[in-house]
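Single-letter residue listing:
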Amino acid sequence: MPASITLSQLSWTTPDGRPLLDHLDIVFAPERCGLVGRNGIGKSTLLRLIAGELAPRAGRIAINGTIGVMRQIVDVAPDETIADLFGVRDALALLARAEAGTATLDELAEADWTLGARTLAALGAVGLDAGPEAPLAALSGGQRSRAAIAAAVFAEPDFLLLDEPTNNLDRAGRAAVHDLLAGWRGGAIVVSHDRELLDHMDAIVELSSLGAARHGGNWTAYRARKAIELDAARHDLAQAERRAAETARTAQATRERQQRRDGAGARKAARGDMPRIVAGGRKRQAEESVGAQARLAERQRTETAEALSAARARIERLEPMRVTLASTGLPGDRIVLQLRGVRAGHGPGRLVLDDVDLEVRGPERIALGGANGSGKSTLLAVVTGALAPLSGEVRRAAACALLDQRVSLLDPALSVAANFARLHPGATDNGCRAALARFRFRAEAAEQMVESLSGGQKLRAGLACVLGGETLPPLLILDEPTNHLDLDSVAAIEAGLTAYDGALLVVSHDESFLANIGIERRLELSDGRLAEVG
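Per an unreviewed UniProt entry, the protein carries the name ATPase components of ABC transporters with duplicated ATPase domains and comes from Rhizorhabdus histidinilytica.

What follows is the structure, given as structure tokens:
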């Protein structure tokens, strides 16, 4: 029987009682499937339900086959190694004892002599040059992500569950994951915003408030179909608006005709040339006619209003978010940032940056690249003043704002609206609401506590607070800004940053994103030095 994952009437509710997944019905076959949808819609939750980490409120999950899960590694114990992640520490220790001649005969009978080679092969498949004994704490975030993917594929499961597998990876790491999935012959359910990765998929499942919908083909084919759906939805909305306007005009004309008839009857009765019984009958008839017309008009108004609401909701679901930004007023020749001979690190013996020079002039758009662990985060810390250089000069001639992956500028104990007001003390309540609405934080959504937001929602809230004010910083520094955003939001941020007229310094390994925001210069960090590339 072929491997499969079947969800039947699956429902799940958040701890505060909010329905997140409601009566989902879908079958995952042994194919590579991209799981997409807006931030907070429940993609990661669905993976956790399939993996057995969460229990559904209702419904059933039937799994035929084995599952490998890529787990996001955040906190690790000091002695935890890659072997622990693979679950092979004891087995590798046995092989070490066997090679040293200290293993017992019973242990030798249980030894898996291929284990070491298979472990190294799995690590090599994701481009990680490290052995199973390497401490996880010594690895960069990108290296940990590679190790987690290697651990997921190590047992050759029937299905892989991958949640944002290319987040935090450099270009080489992304390419390794792309190649791995391109050659994967089992099933895979992949939550990702990486458009290049999604183009390796055999199908796209879109999760929305309406449920789960499967689309055959890769991301490019899916987007083409969504564009056709959006055109059809716009046509339906235009028709619904015309019907609503026509209904309103017809109702108004009917009221005016009735008022003219009522006025004529009243004037005739006032002249006294109509018998009282006839006048009373006509009055009752008129009242009944008016009541029937009012009921008909109300029913028509309700029907057209419902059709109009449904058409607008469909547009809201299909149409990408749009962002407009204020101007920074940055002159083209103004130097906004200058580094000269900067050496930085965590002490003289742990040098990360060595004699780095950097100048940002006017509204330049600069991408900062480099392998995982090359020092990009250290350089950003120096640029923003979070880390003092050991030597050299740093001149910031303009205000700058940093949006890092943790969105640390937001206070998690405050709502999105309260954070905006804190960061923009001069903004009015209406200005705050309007700015947040542009980033889809409308009404109650703006009152959500930051600590309750998903990773993508939190980053979108950070972008709203940085880019939504009346005054924008002349220098905007973004550290992997697309890592947790859904694809519609990525497209909107691309549109917004295209309109931004200040200087951009962006750390990102998302080549599609960098191309779409018009990057002009590329810098690469390697061995502590910064160099122009391309």
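Below, the discussion takes up unusual backbone geometry. Leave glycine aside and you will find that most residues have negative phi; peptide bonds, for their part, are mostly trans. Of note, Val-407 is a non-glycine position whose phi angle comes to about 50°, a positive value. Its place among the elements puts Val-407 in the loop between strand 14 (400-403) and helix 12 (416-423). For Val-407, a relative accessible area of 3% gives the class buried. Positive phi, close to 70°, is recorded for Arg-440, a residue that is not glycine. The class for Arg-440 is buried, based on a relative accessible area of 15%.

Further remarks concern the pattern of salt bridges. Under the defined criterion, the tally for this structure stands at 23 salt bridges. In this structure, Asp-170 engages Arg-146 in a salt bridge whose closest nitrogen and oxygen atoms are separated by 2.7 Å. Within this pair, whereas Asp-170 is found in the loop between strand 6 (159-163) and helix 7 (171-182), its partner Arg-146 is found in helix 6 (residues 141-154), the two being separated by 24 residues in sequence. Overall, Asp-170 belongs to the buried group, its relative accessible area being 6%. Across the pair Arg-433 and Asp-429 runs a salt bridge, and its minimum N-O distance is 3.8 Å. Residue Arg-433 and its partner Asp-429 are both found in helix 13 (residues 429-438); the two are separated by four residues, about one turn of the helix. Exposure remark for Asp-429: the relative accessible area of 51% places this residue in the exposed category. Bridged by salt links that share partners, the residues Arg-171, Glu-511, Arg-522 and Glu-524 form one connected network.

Across its 13 residues, helix 14 (residues 455-467) extends 18 Å between first and last C-alpha, which sits within 8% of the 18 Å expected from 1.5 Å per residue. When you tally the buried positions in helix 14, you get eleven out of 13 residues, the bulk of the element. Inspection of helix 14 places Gly-456, Gln-457, Leu-459, Arg-460, Ala-461, Gly-462, Leu-463, Ala-464, Cys-465, Val-466 and Leu-467 among the buried residues, and these make up the whole buried set. On its buried face, helix 14 is in contact with strand 14, helix 12, helix 13, strand 15 (475-479) and helix 15 (487-499).

We now examine the packing of helix 6 against helix 7. Where helix 6 meets helix 7, the axes come as close as 11 Å, and the angle between the chain directions of the two elements is 15°. When the axes of helix 6 and helix 7 are compared, the pair comes out roughly parallel. The two elements helix 6 and helix 7 cross, and the hand of that crossing is left-handed. Together, Arg-146, Ile-149 and Val-153 of helix 6 and Ala-172, Gly-173, Val-177 and Leu-180 of helix 7 make up the contact between the two elements. Considering only residue class, the contact of helix 6 with helix 7 consists of five nonpolar, one polar and one charged.

Strand-to-strand pairing in sheets goes through backbone hydrogen bonds, with the strands running parallel or antiparallel. The three strands are arranged 2-1-4 in an open sheet whose pairing can be described as antiparallel. Looking along the sheet, the strands with just one partner apiece sit at the ends: strand 2 (19-28) and strand 4 (58-64). On average, each strand axis in the sheet is tilted by 15° relative to the strand beside it, whichever way the strands run. Summarising the sheet, strand 1 (residues 4-13) and strand 4 pair through six bridges and their orientation is antiparallel. Across the sheet, Ser-4 pairs through a bridge with Asn-64, a residue of strand 4. Across the face of the sheet, helix 1 (residues 43-51) comes into contact with strand 1, strand 2 and strand 4 while running at roughly 120° to strand 1.

Ile-82, Phe-86, Leu-160 and Leu-181 are the most contacted members of the largest nonpolar core, which has 44 residues in total. Tallying contributions element by element places helix 6 first for this core, with seven residues. Not counting the four nearest positions on each side in its chain, Phe-86 is found in contact with Thr-119, Ala-122, Leu-123, Ala-147, Ala-150, Ala-151 and Phe-154. Formed by 40 residues, the second largest nonpolar core is a distinct cluster that contains Ala-367, Val-407, Leu-467 and Leu-497.

What follows concerns the pairing of strand 3 (residues 32-36). Counted residue by residue, strand 3 has five buried out of five residues, so it is predominantly covered. Where burial is concerned, the two faces of strand 3 agree: the one with Arg-32, Gly-34 and Val-36 and the one with Cys-33 and Leu-35 are both buried. Bridging between strand 3 and strand 7 (residues 187-191) involves four bridges; their strand directions are parallel. Following the sheet pairing, Gly-34 is matched in strand 7 by Val-190. In this structure, strand 3 lies alongside strand 8 (residues 203-208), joined through four bridges in parallel fashion.

In this section: the side chain of Lys-376. Here Lys-376 lies in helix 11 (residues 376-384). One buried charge, Lys-376, has no salt-bridge partner; the nearest side chain with opposite charge is Glu-480, at 6.2 Å. Within the structure, Lys-376 has its side chain in polar contact with the backbone oxygen of Ala-371 (distance 3.2 Å). Setting aside residues no more than four positions away along its own chain, Lys-376 makes contact with Leu-368, Gly-369, Gly-370, Ala-371, Val-507, His-509 and Leu-525.

Analysis parameters
- Residues numbered from 1 in each chain as written.
- Predicted model: local features only at pLDDT ≥ 70, side-chain atom pairs only at ≥ 80, totals over all residues.
- Heavy atoms only, no water.
- Helix = DSSP H or I, 4+ residues; strand = E, 2+ residues; numbered from the N terminus.
- Buried < 20%, exposed > 50% of the residue type's maximum accessible area, 1.4 Å probe, protein only.
- Salt bridge = Lys/Arg side-chain N within 4 Å of Asp/Glu carboxyl O.
- Expected span 1.5 Å × (residues − 1).
- Contact = heavy atoms within 4.5 Å.
- Axes fitted to C-alpha atoms, helices over the stretch in contact; angles between N-to-C directions.
- Parallel < 35°, antiparallel > 145°, perpendicular 65-115°, else oblique.
- Left-handed = near helix turned anticlockwise from the far one by under 90°.
- Nonpolar A, V, L, I, M, F, W, Y, C, P; charged D, E, K, R; others polar.
- Pairing = 2+ DSSP bridges.
- Core = buried A, V, L, I, M, F, W, Y, C linked by side-chain atoms within 4.5 Å.
- Lys, Arg positive; Asp, Glu negative; His and termini not counted.
- Polar contact = N/O pair within 3.5 Å; in protein donor to acceptor, adjacent residues only side chain to side chain.

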